[in-house]
Structure formats: structure tokens, C-alpha cells
Amino acid sequence: MDFYFVQFLSGLATAATLFLVSSGLTVIFGVTRIVNFAHGSFYMLGAYVAWSLVERWGDTPPGFWGGVLLAAVTVGVLGAVMEVVLLRRLYRSPELFQLLATFGVVLIVQDAASWLWGPEDLLGRRAPLLRGSVEVLGQPFPLYDLMLIVLGPLVLVALLLLFHRTRWGTLVRAATRDREMTAALGVDQAKLFTSVLFLGSALAGLGGALQVPREAVNLHMDMAMVVEAFVVVVVGGMGSLPGAFVASLLIGQLQAFGILVFPQITLVLVFLFMAVVLVLRPYGLFGRPEEGPPAGEAPGPPLRPDGPRAATVSLVLLAALAAVPLVAGDYALIVLTEVVILALLASSLHLLTGLGGLVSFGHAAWFGLGAYGAALLVRDAGAPMLPALAAAPLVAGLGALVAGWFCVRRSGLYFAMLTLAFAQIVWSVTFQWYAVTGGDNGILGVWPADWASSKAVYYELTLLLAGGTLWLLRRAAFAPFGYALRAGRDSALRAEAVGIDVRHRQWMAFTLAGACAGLAGGLYAFAHGSVFPTLMAVPVSVDALVMVLLGGLRTLAGPAAGAALFHGLETEAMRLTDYWRLVLGLVIVVLVLAFPQGVVGFARSLWDRRRGGNGSAAEPVA
Amino acid sequence: MNRRHTLRFLGMAAAAWLAGAPVPALVAAPALAADGGPVRVGEINSYTGLPAFTLPYRQGWQLAVEEINAAGGLPGGRALEVISRDDAGKPDDAVRAAGELLANERVDLLAGTYFSHVGLAVADFAARNRIPFVAAEPLTDAITWQKGNPYTFRLRPSTYMQAAMLAEEAAKLPATRWATVAPNYEYGQSAVKWFRALLKERRPDVEFVAEQWPAQGKLEAGPTVQALAAASPEAIFNVTFGADLAKFVREGEQRGLFRNRAVVSLLTGEPEYLEPLRDEAPEGWIVTGYPAEQIDTPEHRAFADAYRKRFGEWPKQGSVVGYTTFKAIAAAITKAGGTDPEAVTAALKGLELPSPFGPIVFRALDHQATMGAYVGRTAVRGGKPMMVDWRYAPGEAYLPPDDAVRAMRPVE
């Protein structure tokens, strides 16, 4: 019994940190609707800044606590700067675009931290006066953890007072409820947003700073934390502080007791829990339905079909692409093959995100399932390449069919996080099921058949299959199915009223997108000769989303162009410099600022302007 | 509609790559009398994914390459040139980089990698393209055993070897109740599997009473420590490292987990992992590692002096690995008398060479080098963590019988 109580206390200490970070995230999201990937980076920066300050002055209690607070404020200021310099310029773009900007910030912060503080883990000092432990029911328990347990509720109370007893807090709550109305009443949105970013980032920084006495500060803290913070925010209900608090407590306890019952599945426990909560409660524990989640795309000018001239040009360019092997070397073909595959992956995600208005954080699951489906057939059934490739979309489509049934019952960020949960479940099964998947050591020897073993032939095969699928995706966009999907995105209510089963269309779109991603995965497996769980990990999902956004949501060619741009940049930067993340991050930030509609979206509007039309020109354009 | 834009962008991207100028090599080869130009080695590692380990490793191979070229290069006066790439810790990026090195840079040999899965992916690539690959750091047993191939060689002592070194020490302890804590992936699992098996072999009376499998990088230190303590083991076998290790040590100390308990810990004596713990490093743990500042053999002194002169710091475990990997490559090319892949592969089989740890050999049997590790206890002296009471455990003494290895390795 005593043991369980101490375990419970340990869970509370974990929960306190989790709450500090996720409360910041939920406040930012509630007011600005920004899906702030950089929140984890601010958490990490808080830890690094605090480490430096505490190293210097942390011997005395005032020095230590002063250092922690100063670190939190510094990080808060950085958050405010990010809002003023970057995010403020994007409020008129589709909401998801800010996600792309914050992703750029994540990359920049990673390299900046590595450059400033060095690559080694930094073990900071422990808090003065709180170094030892006390006996709790006969078990030693760290004093510092007791302090954290007390601090969590104190911060909650302070935040609630701030939001309910001050004018600023009232404005924040008003903006959380209805942003447009608050603005209409004359509240200066810009100032409000800046101050909210300050507060939210400072909370993340505080959470990070308080970790210094508990763990070594390291360069992987950002990603480890940001996903978990999103889980807390979504489980608690977006924008809800008490929700974040309760969710932190639940997840803290889940981790404390989960390792006793299932020490092997700690990887996925949190995501299983989130999936269950979201399946049972559409808006998390404390969320309110009226809080409009971010749509993948605000209703914009409708898609325009091609004219005959465009079709000709497409064919000519396809022929040109097919002729590349005549002049290009093997490496150019390797990268080009990857670009074509990723273009297919991004376009399949675009079907969901651009046309369906559903943002997926877990698209890599289907990419990976396709890759594993093909690889397993090759390894266990000795299947030749083509049947294995044919199986890839089937396996992935089947997976997406099952997951989609659950996911499309939710919308906005809840949908996104549910897709993430499924992706993490698929990932961890793959990661741990050694007998079948080979675990993290993957499956080797998935090479193309002899006739396709030359880079040129495999490239042409990829071009044929991916190009054909892209063409089908296009057709789908302009078929009644695509129109119905877009109708559901732009106004679900009206679409239902004219008799469209929106949810069913979304489910089918989810499955189709999953199957296309699966084909891309199969092609990718044979291009590399091996598959690993990394193919279905979070970074691949994020990369796919970045490609879609970089190209632009409002055009069908955007994702493919975004894939080429992103992958080309990444491979070239990686080849040329150790600081490739910095380069990539800066380029993304610049692109986001320069082309808030995506690169292709920008090209499109330039084209329209030159023709003097506003998109309704008599002659349809490509 | 925008098919055309797609294609245009793809076309532009293609044009950019086609026009892509060759990249200058990271280490420029000095202009030696070139008989058919320098020998080019493609090197891939997780420089951004795991800089704390890979940067000392890079300095190690840089030193080796400089020494080799200063001494007149390889046979025929050819210089050794290294073209280095980052794999960001991802196997698919590593395979792409390998493709680039082979197709564009025309390298004669591949080397490097840290993570086991990345190493395996490159090994498979090497086998398919029939190019020798010297895997420097991956620890997985599979790379030389279950998934071994004719072209892949591995330098560092494997998980099995390190676990065997520790099992030998653990068997000398009186403890019979053991608990294990290991990161939940292949490395952790196979370390625990071998440790259990080898310890039971020597000590049939031991039992394993608790096991914890935290996710790598996400150790819930408090609950994990508490759960281990609850099973009241007499000794603990630890496989966590890096940030997880720091958390584990801190919580464990505060919660009294290590009081009156022996701890046996894999890799913890390596400076990369031990030094960040500073004065909080645990005392008396039995570890494998590398006490760089204390080894006083002539071959190690020569290496350490040169390294310190060049970089102004003590070498780390990764430095030794990087240095020896490239010395081995040079030795293999010298022995083969050229860069023909089959000849170099044949030369690597059974290749004997000196290393900072003493003479080693790449076994013809399974392509595993017999480089060993140091086994000792951790201590804190003058606020600095270090290894004490250490001895060198030569790799050849900690490998299974040849028949067992042959049974595991695919038939060539």
C-alpha cells in the first residue's frame, strides 16, 4: 500500500511538469488557434537558459529561483518576438500556415541550441535546500518532487485568478470564446496575441527550467515534450485550463502505474489512452463544441479544371521527366525517384487536408504500412516485386479503413490527434513485434526485381505508378466524390442538407488517401532496399504536412511541388552542411513569409493577376 | 489544373541536381604523388542526430587520415580522402547518402554509422552493391551474425561481447536477486537477454525478479526507480544511457535505490556517458568503458598524445573507434595492394593491426573485430567521475564458440 502511495506521488510530480508546459500550449491555442509546434522548443530553451543561469548563480536559493524565473521570462520574450516577427504576418493566411512557420522555428532552435550549448548533455545543479529526500511512509521521496507537486496546483490557481480577476484575463477568455466578436468590440488583437504568446511560452520555459534539477538538459527535449503536451491539451479539451490540469494528472498516474502493469508498452500507453478518450468524448474531457477547431482550409476560390492546353503541357512535361534518365546520373535518379514518391505521399495527404479539410498528423502510418506490407510479402512469401507493390496500397488502405471509421467522427485538431494516436499505435506495434517486423532493426533485402534493378528502370516504374495514381487523384478531385468532399469541408451543415453523407465521404477519402500513401510506401521500400519503423514515425507525418503546406493547400499541384522543394532542399543542405536544420528552418520561414498561400498558390495568383482575372477567367488555366 | 506546375517544379528540381557541382570533400587530401588519384572512402554517421558521440568520432578519423597521409599515404603514393555525410539518425537518409557516395563520388569503400538500424541498412546496401563497408560503431549482434554479409565488417565490441564482460564480473558478486532496466529496443533487449543467459550459465542460483523497459529518451525516472526498489533486488543490471541514465542516477540516489545494492551497467564508463554526470556520477558501479586518462600502454600513449596535441582534449571512446576504423581501412588497402572491392574484402578478413587498445584482428569467421573494452568500477575523484580498478577485457575472450557463430551467420 505504502509503495502505491509513493508511486502515486511520483505520478503527481510528473504531472506537474506536464501541466506547466501544456497549460501554456492550451492558452496559446485557445486564443490564437495556432498549432504551435515550437512549444516544445521553448520548453527546451527554458531548460538550457536556466542551466546557464543556475550554473553561475545557483548556489543560493535566491540565485537558483531567480535563475529559473529569469529563464521563464527570457523564453516568454522569445515567444512574444516569434509572434511579432513571424506569426502576426500570417493571421490572414489559412490557419495551418502558422503551423508551418512554427515548424521552421523548431528546426532553427534545434541548431541554435546545439551551437550555443554544445552537443553534450548538460547536468545542472540541484536546487539548494531541496537536494535531499524525506521519508514518506518509509520510502525515501525527493524533496524537489514534493515541491513540484505543490507548485502544479499553485500555478493552476494563479492562472485561474489571472483569467478571472483581471481585465486582461477577461479579454483572453473572450477571445478564446469568440475571436471575431472580441475584435469587433475594439480589442486590439495584436497586443492580446503577443501577450498570450508571452505567457504561454514563459510557462513552457518555466516547465523546462524546473527540469534542470531532475534531468540532464539535452537536445532531444523538444520533440519528447511537444507531442506529450499536445496529448494533454487534447485529452483535457483544447483551450481548457482545468482540462489540461486533470489530463496531466491522469497521464502522470498512467505513466507511474502503467510501468508496473505493462512495462513493455510504455511507448504507446499514452496514445492508447488518448484514443480511448477521444473515441468516447469528442471534445476531450472539458472541451466545448463551439470552439471552432482549425479547418484545413477556409473556403477559398474553388478548384478549376484543366483546359485542353494544360493537358498537352502536362503530357509534354511528363515526357520530359521520363526522358531524364537519358542525361542524369544514378544519384540524380535516386533523389528524383524519392521526389516522385514523396509527391505521391504529399498529394494523398492533400486529398484529406486540402479537399477534405481534415488535417492528419498521422499520415506516415499508411506510408509505413504500405512499405511493411510489401517488405513482409517479399521476405516471408518470397513474392516478386510487382505483386508486393500491388499489396502495399491494399494493406495500407485496409488499415486506413479501420482507423478512418473512428477518426472521421471527430474534426479539427481532435481529428488530427486521433490520427496521430493511430499512427503511434501502428508504429509501436511495428517497433515491438520482433518476430514479424524485426523491430527497430527493420527488414532488409527488399530490393527491386532484376529487370528493375537499374536506377533508370526503377525511376520510370515509379514515375509510371505514381504519375498514374496522381492522375487518378486529380480525377477524384473533379469527380462528384471530390465536389462532395469539398462541399463537406466548406459547409458541413449545408452539404448534409442537400443530402451528402459528409462523414461517409470523409471516411472514403481517408481510405483512398491511406491507400495512395501505401503505394508510395511500397515504392519507397524498394527504392531503399529496407524498411524501418522510422518510416511511420511522427517526423515523417510532419514532413508530409510541411510539403503540402509549402506547396499550398489551394491547388492540386501544390503538394507535389512542395515535396520537390522540401526534399530537394533537405537532401542538398544535408550534403553540404552540418547546420542543415538551420538552413531548412530559415528557408521555410522565409517561404512562409514570402508566399503565405504556398509556393504554387503564389504562382497561381501571379498568373491570375497577369491575366487581369480574379480566377474566373473565361479560359480555364492550368 | 496544376499538373503543369508540378511538372515544371519537378523539372526544375531535376535540372538543379543535374547541374549540381561536385561537393568539396570534407577533408581535402594533400597533393601526394597521385597514381590514379586518391583512395576515396565514403563516411556516413549521425552527426546531427547524436553529436555528443559522433563529433569525437569524427576527430578520431580525421587524426587517422592526417597521420596516414603525412606518412606518405597508401601504396603507390595515393592519398586517403574521406567524403563525409550526415544521416540524421535515419536509415533511409543513410542509404541515399550511400547511393550518392557511390554514384557521384565514386568511393571505393564505405565506413561509419552509429545506430544499429542505420548500420544494418548500409550493410545491406554494401552487400547489394558489392562494396566493402567497415561499420564503426553499431553494437547490434545482427550486423555480424544473423544478418551478416560478405562485405560488412564491424569494429566495436558488440552488445554480446560487452554483456559477456559484465556477466563475468556479475557472477563474482554474492547477489542472487537481480533486476534489469533497459531501453525498449533491440539494443536494450539483446543486452538483457545475453546478460541473463550468460549470468545464469555461470550462476544457476540467480533469479531475475524485476524488469523495466522505459522508452528510449523517455524514462519516467521516479516511478521506474520506485518499481525496481519494490522488488527488493540485491543487484541491478542497467542498460540505459545518455539523458535517461542521468535521470535514473539522480532519482536512484535520492530514493536510495543504490544503497547496499550492486549495480552493473553497460557502457557507463565511456567518457561520453560518464563525464556529463560530473560529481553526481554513481560510485562503485561495475561498468564497461574507456578510462582514457589512465591507460599507460605505449600504443595508447602515442595515440592519446597525438589526439591531445591536435584537438586539445582527451580522446573519447568514439575517438578511438573513428581512429581505428580508418587505420584498419588503410591497412586493408595496403594489404590488398589496391582498391578492388573483392581484394579489399579479402584483405579485411583476418586483418591484423595495432590499435590504441593493443593488437586486434578482424575475424575471418564473422568479420567482427576483437577490439575489447575496459571493465572497472566508477568513482568520483576530486569532483570528477572516472573508472577505477579497471582492466582491459580483450574482445576475443568474450565471443561465443565458433560453431555457435557459424550457426547464426547466414551461409555465404
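Residues numbered from 1 in each chain as written. Chains lettered and ligands numbered in written order. Predicted model: local features only at pLDDT ≥ 70, side-chain atom pairs only at ≥ 80, totals over all residues. Heavy atoms only, no water.

Draft legend 1. Spatial organisation of the sheet that holds strand 4 (residues 133–135) of chain B. All names here are of chain B. The strand order across the open sheet built from 5 strands is 2-1-3-4-5, with neighbouring strands paired in parallel fashion. Edge positions in the sheet fall to strand 2 (80–86) and strand 5 (152–154), since each of these pairs with one other strand and no more. The mean inter-strand angle of the sheet, taken between neighbouring strand axes irrespective of direction, is 25 degrees. Here 3 bridges tie strand 4 to strand 5, and the two strands are oriented parallel to one another. What sits directly across from Ala 135, in strand 5, is Arg 154. Running at roughly 170 degrees to strand 1 (residues 39–45), helix 3 (residues 91–103) makes contact with strand 1, strand 2 and strand 3 (109–112) of the sheet. (Pairing = 2+ DSSP bridges. Helix = DSSP H or I, 4+ residues; strand = E, 2+ residues; numbered from the N terminus. Axes fitted to C-alpha atoms, helices over the stretch in contact; angles between N-to-C directions. Contact = heavy atoms within 4.5 Å.)

Draft legend 2. View of the pattern of salt bridges. Residue and element names in this part refer to chain B. According to the stated counting rule, one finds 37 salt bridges over all chains in the structure shown. Here Glu 275 ties to Lys 316 by a salt bridge, and the two come within 3.8 Å at their closest N and O atoms. Pair noted here: Glu 275 is in the loop between helix 9 (271–274) and strand 10 (286–289) and Lys 316 is in the loop between helix 10 (298–311) and helix 11 (317–336), with a separation of 41 residues, a long-range link. (Salt bridge = Lys/Arg side-chain N within 4 Å of Asp/Glu carboxyl O.)

Draft legend 3. Focus on the domain arrangement of chain A. All names here are of chain A. What the domain assignment reports for chain A is domain 1 (13–219) and domain 2 (330–538). On a C-alpha basis, the centres of domain 1 and domain 2 stand 36 Å from each other. Carbon and sulfur atoms make up 100% of the area that domain 1 and domain 2 hide from each other, which totals about 290 Å². Three residues, Phe 29, Val 35 and Leu 96, lead the burial of domain 1 against domain 2; their summed loss comes to 76% of the area buried on that side. Inspection of the domain 1/domain 2 interface yields 0 salt bridges. (Domains from an automatic or database assignment. Buried area = accessible area lost by both parts, 1.4 Å probe.)

Draft legend 4. Up close: the interface of chain A and chain B. On the chain B side, the residues contacting the 105 residues of chain A number 79 residues. Interface of chain A and chain B: buried area, both sides summed, is about 8000 Å²; carbon and sulfur atoms make up 59% of it. Taken together, the connections running from chain A to chain B amount to 8 salt bridges. Counting every contact that joins chain A to chain B gives 31 residue pairs in polar contact (both at pLDDT 80 or more). At 11 residues, helix 23 (residues 558–576) of chain A tops the list of elements feeding residues into the side of chain A that touches chain B. Residues that form the side of chain A that touches chain B fall into these classes: 55 nonpolar, 26 polar and 24 charged. (Polar contact = N/O pair within 3.5 Å; in protein donor to acceptor, adjacent residues only side chain to side chain. Nonpolar A, V, L, I, M, F, W, Y, C, P; charged D, E, K, R; others polar.)

Draft legend 5. The confidence of the model for chain A, seen in detail. Residues and elements named next belong to chain A. Predicted confidence across chain A gives a mean pLDDT of 88, with 95% of residues reaching 70 or more. Helix 21 (residues 502–528) holds the highest mean pLDDT among the elements of chain A, 96, whereas helix 25 (residues 599–610) holds the lowest, 79. Segment residues 293–297: pLDDT under 50, and 21 contacts once partners within four positions in sequence are set aside and those in other chains are kept. Note on residues 613–622: pLDDT under 50 across the span, and 22 contacts to partners over four residues away in sequence or across chains. (pLDDT = per-residue confidence, 0-100.)

Draft legend 6. Structural context of a nonpolar patch on the surface. Residues and elements named next belong to chain A. A cluster of nonpolar side chains, Val 73, Val 77, Val 81, Val 84, Val 85 and Phe 198, forms an exposed patch at the surface whose accessible area comes to about 430 Å². When residues in the nonpolar patch are grouped by element, the largest group, 5 residues, is from helix 3 (residues 61–85). Structurally, Val 84 is set in helix 3. By relative accessible area, which is 35% here, Val 84 ends up partly exposed. (Patch = residues over 30% accessible without salt bridge, like charges linked within 9 Å, V, L, I, M, F, W, Y side chains within 5 Å. Areas by Shrake-Rupley, 256 points an atom, 1.4 Å probe, with all protein chains shown as cover. Buried < 20%, exposed > 50% of the residue type's maximum accessible area, 1.4 Å probe, protein only.)

Draft legend 7. Representation of the pairing of strand 2 (residues 139–142) of chain A in the model. Residue and element names in this part refer to chain A. Here strand 2 shows a buried face lined by Gln 139 and Phe 141 and a second buried face lined by Pro 140 and Pro 142. For strand 1 (residues 133–136) and strand 2, the ladder comprises 4 bridges, and the chain directions are antiparallel. When the sheet's bridge partners are listed, Val 134 is paired in strand 2 with Phe 141. Hairpin geometry of strand 1 and strand 2 is characterised by an intervening segment of 2 residues between the two adjacent antiparallel strands and by a positive phi of about 50 degrees at Leu 137.

Draft legend 8. Region of the structure containing the nonpolar core. A:Phe361, A:Leu413, A:Met417, B:Trp178 and B:Phe195 are the most contacted members of the largest nonpolar core, which has 252 residues in total. Ranked by residue count, the leading element in this core is helix 13 (residues 330–355) of chain A, at 14 residues. With residues near it in sequence (within four places) discarded, A:Phe361 still touches A:Val35, A:Phe37, A:Leu99, A:Leu413, A:Ala416, A:Met417, A:Thr419, A:Leu420, A:Ser541 and A:Leu545. Core analysis: the next-biggest nonpolar cluster, separate from the first, contains 69 residues, B:Ala179, B:Phe248, B:Phe258 and B:Trp285 among them. (Core = buried A, V, L, I, M, F, W, Y, C linked by side-chain atoms within 4.5 Å.)

Draft legend 9. Seen up close, helix 3 of chain A. Residue and element names in this part refer to chain A. Between its first and last C-alpha atoms helix 3 spans 36 Å; for 25 residues at 1.5 Å apiece the expected length is 36 Å, and the two agree. Gly 63, Phe 64, Gly 67, Val 68, Ala 71, Ala 72, Val 75, Gly 76, Gly 79, Ala 80, Met 82 and Glu 83 are the residues of helix 3 that are buried. Packing partners of the buried residues in helix 3 comprise helix 2 (39–57), helix 4 (96–117), helix 5 (143–165) and helix 8 (189–209). (Expected span 1.5 Å × (residues − 1).)

Draft legend 10. Just the domain arrangement of chain B, in detail. All names here are of chain B. For chain B, the domain assignment lists domain 1 (26–157 + 297–372) and domain 2 (160–293 + 373–402). Here the C-alpha centre of domain 2 lies 29 Å away from the C-alpha centre of domain 1. Listed by partner, the interface residues are 25 residues for domain 1 and 28 residues for domain 2. A combined buried area of about 2200 Å² lies between domain 1 and domain 2, and 57% of that area is made up of carbon and sulfur atoms. Taken together, the links from domain 1 to domain 2 amount to 2 salt bridges. Our enumeration of links across domain 1 and domain 2 arrives at 11 residue pairs in polar contact (both at pLDDT 80 or more). With 3 residues, helix 11 is the single largest residue contributor to the side of domain 1 that touches domain 2. Among the residues forming the side of domain 1 that touches domain 2, the class breakdown is 14 nonpolar, 7 polar and 4 charged.

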